[in-house]
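Architecture and fold: a report
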Amino acid sequence: ELITYVSETYKKVVVIINSTNIMNLSFLETIPNIGACMMVGPTGTKGATSIPKLLYGDATPSGRLVDTFAYDLYTNPSIIWNTPIWSSTDGSYLDKVAGIYIGYKWYETADAMGMWTAANGYEKGYEGVVQYPFGHGLSYTDFEWTIDDIKVDDVSVNKSAAIKENSKIEFTVTVKNIGEIKGKDVVELYITPPYTKGGIEKAEINLVDFAKTSLLRPGDSETLTLSFKPYDFASYDCYDMNKNGFKGYEVEKGEYVVTFRSDAHTIKEIPNSTLKYIANETIQFENDPVAQK
């Protein structure tokens with residue numbers, strides 16, 4: 001009611017979300033005259049002093065959302081199935097049925113499976129379900145990305161290459177500020193694994209690395225390096241769903257597609273931005289490389 005009153009009374013309205021929680025922000029599209037919305041999170045004792053600088057354009061926003069903002073929170077299985085279970089023998093607990101499908105991994109996987117369709121009651125598709133995807137963020141300026149080099153095990157490759165257990169996949173990307181205001185940008189790198197119905201559960205996309213530029217003036221560029229290894233996108237097959245006699249982390253044989261995105265749903269339009277890597281054999285990690293460190 002307050003925002004409606006303000007929007008009817010003032011010419012310029014900016015909504016500031018001072019919250020750490022995911023909220024239903026659909027009112028931003030139904031209440032007229034809202035010109036912008038800024039997510040500031042918990043500002044602490046000093047953070048609020050930055051808000052006027054951002055609103056007046058003295059500084060440029062460059063943050064990214066760390067969760068998915070849906071129009072209806074009940075499209076999220078973690079919201080639907082969260083009733084506490086009380087047991088005199090086992091104590092109390094929450095039965096989380098979502099498994100690995102948490103946050104953006106749920107929404108993007110459901111989209112790939114064709115869940116957000118008119119037949120299921122979603123007339124506008126994905127765009128009618130997700131208002132702001134994971135990784136989303138706006139700026140007062142624009143950026144251009146160029147893939148300079150791709151290496152597998154320190155050897156430059158084209159769009160596809162074979163990977164092994166200890167392979168290192170590395171990307172060199174140049175980000176150029178092509179706008180008229182200084183700002184920062186974030187490059188996000190995702191991978192899509194092969195999936196077999198009834199086999200190991202896998203999300204449609206998985207964030208494997210990201211990098212942020214320094215403050216770039218108009219016309220300035222910066223080269224970023226992003227990299228990952230097979231263990232970074234391995235699946236934990238604790239139930240031996242692929243029936244190969246192994247329980248643990250593994251990268252199944254097949255084709256893995258890497259994409260550069262500006263958020264979890266939007267592929268960046270740059271040449272050679274979709275890349276494929278082949279695991280010719282299933283890679284099994286007998287020991288956890290992270291735990292060993």
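The preceding data block contains the structure.
Presented here is an overview of the structure given in this document. (Residues numbered from 1 in each chain as written. Predicted model: local features only at pLDDT ≥ 70, side-chain atom pairs only at ≥ 80, totals over all residues. Heavy atoms only, no water.)

A separate point is the overall build of the chain. Scanning the chain from N- to C-terminus turns up 6 helices and 18 strands. Counting only C-alpha atoms, the chain reaches 65 × 60 × 45 Å along its principal axes. When the 293 residues of the chain are sorted by exposure, 39% land in the buried category. Of the contacts formed within the chain by residues at least 6 apart in sequence, a portion of 65% connects residues at least 24 apart. Looking at the chain as shown, the accessible area adds up to about 17200 Å², and 51% of this sits on carbon and sulfur atoms. Mean positive and mean negative side-chain charge positions of the chain (27 and 39 charges, respectively) differ by 5 Å. (Helix = DSSP H or I, 4+ residues; strand = E, 2+ residues; numbered from the N terminus. Buried < 20%, exposed > 50% of the residue type's maximum accessible area, 1.4 Å probe, protein only. Contact = heavy atoms within 4.5 Å. Areas by Shrake-Rupley, 256 points an atom, 1.4 Å probe, with all protein chains shown as cover. Lys, Arg positive; Asp, Glu negative; His and termini not counted. Charge placed at Lys NZ, Arg CZ, Asp CG, Glu CD.)

So, on to the packing of aromatic side chains. Under the definition given, this model contains 13 aromatic pairs. The interplanar angle of 25° and the centroid separation of 6.1 Å between the aromatic rings of Phe-171 and Phe-228 together place this pair among those described as stacked. Placement of the pair is Phe-171 in strand β10 (residues 169-177) and Phe-228 in strand β13 (residues 221-228), with a sequence separation of 57 residues. For Phe-228, a relative accessible area of 2% corresponds to the buried category. With centroids separated by 5.2 Å and ring planes inclined at 75°, the aromatic side chains of Tyr-231 and Phe-285 adopt a geometry described as edge-to-face. With Tyr-231 in the loop between β13 and β14 (235-237) and Phe-285 in strand β18 (residues 283-285), this pair connects stretches of sequence that are 54 residues apart. A single burial state applies to Tyr-231 and to Phe-285, both of which are buried. Each residue in the set Phe-171, Phe-228, Phe-233, Tyr-256, Phe-260 and Tyr-277 is aromatic and connected to the rest through ring pairs, giving one cluster. Its end group placed over the ring of Tyr-190, Arg-261 keeps NZ or CZ at 5.8 Å from the ring centre. Over the aromatic face of Trp-145 sits the side chain of Lys-268, whose NZ or CZ is 4.6 Å from the ring centroid. (Phe/Tyr/Trp six-rings, centres within 6.5 Å; stacked < 30°, edge-to-face > 60°. Lys NZ or Arg CZ within 6 Å of the ring centre and 35° of its normal.)

Attention now goes to the sheet that holds strand β15 (residues 248-251). Pairing in this open sheet of 3 strands is antiparallel, and the strands run β14-β15-β18 from one edge to the other. The open sheet has two free edges, formed respectively by β14 and β18, since each of these has just one partner strand. Geometrically, the sheet is characterised by an average inter-axis angle of 35° between neighbouring strands, direction not taken into account. (Pairing = 2+ DSSP bridges. Axes fitted to C-alpha atoms, helices over the stretch in contact; angles between N-to-C directions.)

Our next topic: the side chain of Lys-268. Relative to the helices and strands, Lys-268 is located in the loop between β16 (254-261) and β17 (274-279). In contact with Lys-268, other than residues within four places in its own chain, are Phe-143, Trp-145, Phe-260, Arg-261, Ser-262 and Ser-273.

Before going further, it helps to spend a moment on unusual backbone geometry. Where the residue is not glycine, phi is negative for most of them; where a peptide bond is considered, it is trans in most cases. Although it is not a glycine, Asn-33 adopts a positive phi angle of roughly 75°. Note that Asn-33 resides in the loop between α2 (27-30) and β2 (34-39). One non-glycine residue, Asp-240, lies in positive phi territory at about 50°. In this fold, Asp-240 is placed in the loop between β14 and β15. On the accessibility criterion, Asp-240 (13% relative accessible area) is buried.

Relative to the helices and strands, Asn-177 is located in strand β10. For Asn-177, a relative accessible area of 1% puts it in the buried group. In terms of polar contacts, Asn-177 uses its side chain to reach the side chain of Thr-141, at 2.7 Å. Reaching out from Asn-177, the side chain makes a polar contact with the backbone oxygen of Leu-216 at a distance of 2.9 Å. (Polar contact = N/O pair within 3.5 Å; in protein donor to acceptor, adjacent residues only side chain to side chain.)

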